[in-house]
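Residue-level structure breakdown
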Amino acid sequence: MKISVGPISCFWERSKVFEFYAALEDAPVDIVYLGETICSKRRQLALNDWLDIAEQLSAAGKEVVLSTLTLLEAESELASLRHIAENSRFAVEANDMSAVHMLTNRHSFIAGPHINTYNAETLNLLYELGAKRWVAPVELGREVIRELQLSRPLGMETEVIAFGHLPLAFSARCYTARAHNRPKDSCDFICLDYPDGLPLFTLEKKPFLILNGIQTQSAQTQNLITLLDELEDLEIDVIRIMPQTQDLASIAGIFRRTLDGEMQPEAALQALESYQAYGFCSGYWYGKEGMAWIHASGKASE
Amino acid sequence: MNNKPELVCPAGNLPALRAAVDNGADAVYIGFRDGSNARNFPGLNFSHEEARQGIDYARARGVRVFLALNIYPQPAQWKTAVRAVDATVELGMDALILADPGLMRYCVRTYPELRLHLSVQASATNRQAIDFYHKQFGIKRVVLPRVLSLAQVQQLVKKVPVDVEVFGFGSLCVMVEGRCALSSYVTGDSPNTAGVCSPARAVRWKETASGRHSYLNEVLIERYPAGEAAAYPTLCKGRFQVGNNVFHAIEEPTSLNVLEILPDLLMSGVKAIKVEGRQRSKSYIAQVTRTLRAAIDACLEDPEGFIPHPDWITQLNRVAEGNCHTLGAYHRPWQ
């Protein structure tokens, strides 16, 4: 199985983005997804900056994919998308049907986690339109993925989010701005203050969600580290780790060593404890509520 | 005004369908009782026989009937979804409202004459996404997600090769429809997977000395002081803590109501105004249909001089979630 790094979901200072990817050059990851997928107002980097990073990672031996916005409304957003879709150098991850439309029969592309691929017919359709890989939407559990693996077109790769906060919802409304009593149109880029998102707690002070501008993520970190054997059995091609400010190369290293049999899953799970703030979850994988943390033994715990 | 938009009303059962037809709906949308639609609630929806009766009743009065089949069927649900498509054709429904691309492909191959509407659950928020569904599947109409501003709706109507339907009244989804997994994160079921949001089976109430607490699974959604009326715990309408503030961090319990901007919507060329609420009672359907019928007719007669009648607002607020209303994303500052 290959290891990928998903696109940075929160808003980071320009220098931090460059540092993050420089550190990934020697990290044990195979595929890197680059670009802004959440908010078109986040422009610390221009497309040319992303392409520079892409070239460097490519020179370091990584497969690079340019990822794209999930919620597109304005013509300017479609124009930016077209620039990315028309690049002839790197593959593109589509997160909206507008991107699929632009990429159809042009380039092979990746159907991202926000393309609703829930059945074999949709998977086959995407393949016919030019998709070479699909990323399972967060809601799909192992039984559904097992079925889809049996009917996937020859050559279509399957990717699963194995570690990170889950992307749960998108809205026109910016929740980070709302939490600061600011309208979206004068947000003053408040998201820059929250490089790992803004946590939301229930009235019982339990961590529940992460606000990331117009996106809502799980507070809990999805973690499939103890299920890698099962993922291999299902012939999953790629496992995705979502970026966070803490040392991503170390997280990838734990996954790599576990995949290579150099680290036991239980030890890896222990090691990953230092890379989460609000606990783990894995419920979706078992076809249950996503927030549940179900250990490999199949028993639910808190 | 030349553009006479359709008033599209929901019906969860035959009495509600009759209420919609009798009170001025131009079209009614319904779902089958097989889990294939986004209001998969106990005791709701139509058998094929009830659908046939509903179609007869509506058609005799010049009203069209649409079938909503707007979940994303997973492999185990595929046959049910296909049967629902087949039944839609056999019953002679006027249109099928779909979200799933795989199902659309099945329809185009099997029933090329079937009129397809793109469900709000398909998350098509821009011209290129709508073009995709038009080119691939020949959709005739798009239902726009409730995330676009009025200006964006007006622009889109001019640019897309299909009719545009927008939401006019009802409970407000603040997330892009089809792109929200909050409900399954907490309960295991969502609109995409099971046609439900914040399902009743996951609701728990706890009575405490300080009042009543509502939960979805183990997630506290709201606390009500003793004596205060408690609302259904819809996930995104709860109170939460962000930083030091406790507030409705996502959205207040409120309903969408477009009466204020009805002339703008009608003049923009929107072809249909949709009412949310297949889960609601027949008296809700009757009230909302009657009021929107009166408003649309008044607006068509005199768009320049149109002012929403205070009675209309009062009547709609009475049946609205939270007894109040908002323009939602149509009004840019809301965003």
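Model, not experiment: these values are computed from the prediction. (Residues numbered from 1 in each chain as written. Chains lettered and ligands numbered in written order. Predicted model: local features only at pLDDT ≥ 70, side-chain atom pairs only at ≥ 80, totals over all residues.)

1. Things to note about the overall build of chain A
- In terms of regular secondary structure, chain A is built from 10 helices and 14 strands.
- Relative to the 2.2 N^0.38 estimate, which gives 19 Å for 302 residues, the radius of gyration of chain A is 18 Å and therefore close to what a compact globule would have.
- Judged by the C-alpha coordinates and their principal axes, chain A covers about 50 × 50 × 35 Å.
- Going through the 302 residues of chain A one by one, you find that 55% of them count as buried.
- Long-range contacts, defined here as pairs at least 24 residues apart, represent 65% of the contacts in chain A between residues at least 6 apart. (Helix = DSSP H or I, 4+ residues; strand = E, 2+ residues; numbered from the N terminus. Rg over C-alpha atoms; globule rule 2.2 N^0.38 Å. Buried ≥ 20, exposed ≤ 12 C-beta atoms within 10 Å, placed from the backbone. Contact = placed C-beta atoms within 7 Å.)

2. Focus on the sheet that holds strand 9 (residues 203-208) of chain B
Residue and element names in this part refer to chain B.
- Spatially, the three strands line up as an open sheet ordered 9-10-11, and their pairing is antiparallel. Here the strands that pair on one side only, and so sit at the sheet edges, are strand 9 and strand 11 (219-225). Taking each pair of neighbouring strands and ignoring which way they run, the sheet shows an average axis angle of 20 degrees.
- Here six bridges tie strand 9 to strand 10 (residues 211-216), and the two strands are oriented antiparallel to one another. The residue bridging Lys206 from the neighbouring strand is His213, located in strand 10. (Pairing = 2+ DSSP bridges. Axes fitted to C-alpha atoms, helices over the stretch in contact; angles between N-to-C directions.)

3. A short note on the packing of helix 5 (residues 120-129) of chain A against helix 4 (residues 101-110) of chain B
- One way to put it is that helix 5 of chain A packs onto helix 4 of chain B with a least axis distance of 7 Å and a crossing angle of 85 degrees. The angle between the axes of helix 5 of chain A and helix 4 of chain B places the two elements in the roughly perpendicular class. Here Glu121, Thr122 and Leu125 of chain A of helix 5 of chain A lie close against helix 4 of chain B, whose contacting residues are Pro101, Gly102, Arg105 and Tyr106 of chain B.
- Residue classes in the contact of helix 5 of chain A with helix 4 of chain B are distributed as three nonpolar, two polar and two charged. (Parallel < 35°, antiparallel > 145°, perpendicular 65-115°, else oblique. Nonpolar A, V, L, I, M, F, W, Y, C, P; charged D, E, K, R; others polar.)

4. With respect to the pairing of strand 11 (residues 238-241) of chain A
Residue and element names in this part refer to chain A.
- Residues Val238 and Arg240 point to one face of strand 11 and Ile239 and Ile241 to the other, with burial holding for every one of them.
- As judged from the four bridges shared by strand 1 (residues 2-5) and strand 11, these two strands associate in the parallel manner. By the bridge assignment, Ile3 is partnered in strand 11 with Ile239.
- Where strand 7 (residues 157-171) meets strand 11, three bridges bridge the pair, whose relative direction is parallel. Note on strand 11: the bridge partner recorded for Ile161 is Arg240.

5. Here we look at the interface of chain A and chain B
- In this complex, chain A contributes 50 residues to the contact, which on the side of chain B involves 55 residues.
- Of all elements in the fold, only helix 4 (97-103), helix 5, helix 6 (142-151), strand 7, helix 7 (175-179), strand 8 (198-201), strand 9 (207-212) and strand 10 (215-223) of chain A reach the threshold of two or more residues within the side of chain A that touches chain B.
- A total of five residues in the side of chain A that touches chain B trace back to one element, the largest contributor, which is helix 4 of chain A.
- The residue inventory of the side of chain A that touches chain B, partitioned by class, reads 27 nonpolar, 11 polar and 12 charged.

6. Thoughts on the confidence of the model for chain A
- Per-residue confidence for chain A averages 96 on the pLDDT scale, and 98% of its residues sit at or above 70.
- Within the model, the stretch residues 298-302 of chain A combines pLDDT values under 50 with six contacts to residues more than four positions away or in other chains. (pLDDT = per-residue confidence, 0-100.)

7. Looking at the environment of Leu144 of chain B
- Of note, Leu144 of chain B is situated in the loop between strand 6 (141-143) and helix 6 (150-159).
- Leave out the neighbours within four places in its chain, and Leu144 of chain B touches Val120, Val153, Val164 and Val166 of chain B.

8. Observations regarding helix 2 (residues 47-59) of chain A
All names here are of chain A.
- When the terminal C-alpha atoms of helix 2 are compared, their 18 Å separation across 13 residues agrees well with the 18 Å that a helix rising 1.5 Å per residue should span.
- Those residues of helix 2 lying buried are Trp50, Leu51, Ile53, Ala54 and Leu57. Along the axis of helix 2, the buried residues cluster in a sector spanning 160 degrees; they form a single face. Turned more than 90 degrees away from the buried face of helix 2 sit Asn48 and Ala59, all of them exposed.
- If you follow the buried residues of helix 2, they end up packed against helix 1 (14-24), strand 2 (31-34) and strand 3 (63-67).
- After helix 2 finishes, the residue Gly61 shows a positive phi value of roughly 95 degrees. (Expected span 1.5 Å × (residues − 1). Arc of directions from axis to C-beta.)

9. Quick word on the environment of Ser283 of chain B
Residue and element names in this part refer to chain B.
- Looking at where Ser283 falls in the secondary structure, it is placed in helix 10 (residues 282-301).
- Given 12 C-beta atoms within 10 Å, Ser283 falls into the exposed group.
- Separated by 38 residues in sequence, Ser283 and Asn245 place their C-alpha atoms 38 Å apart.

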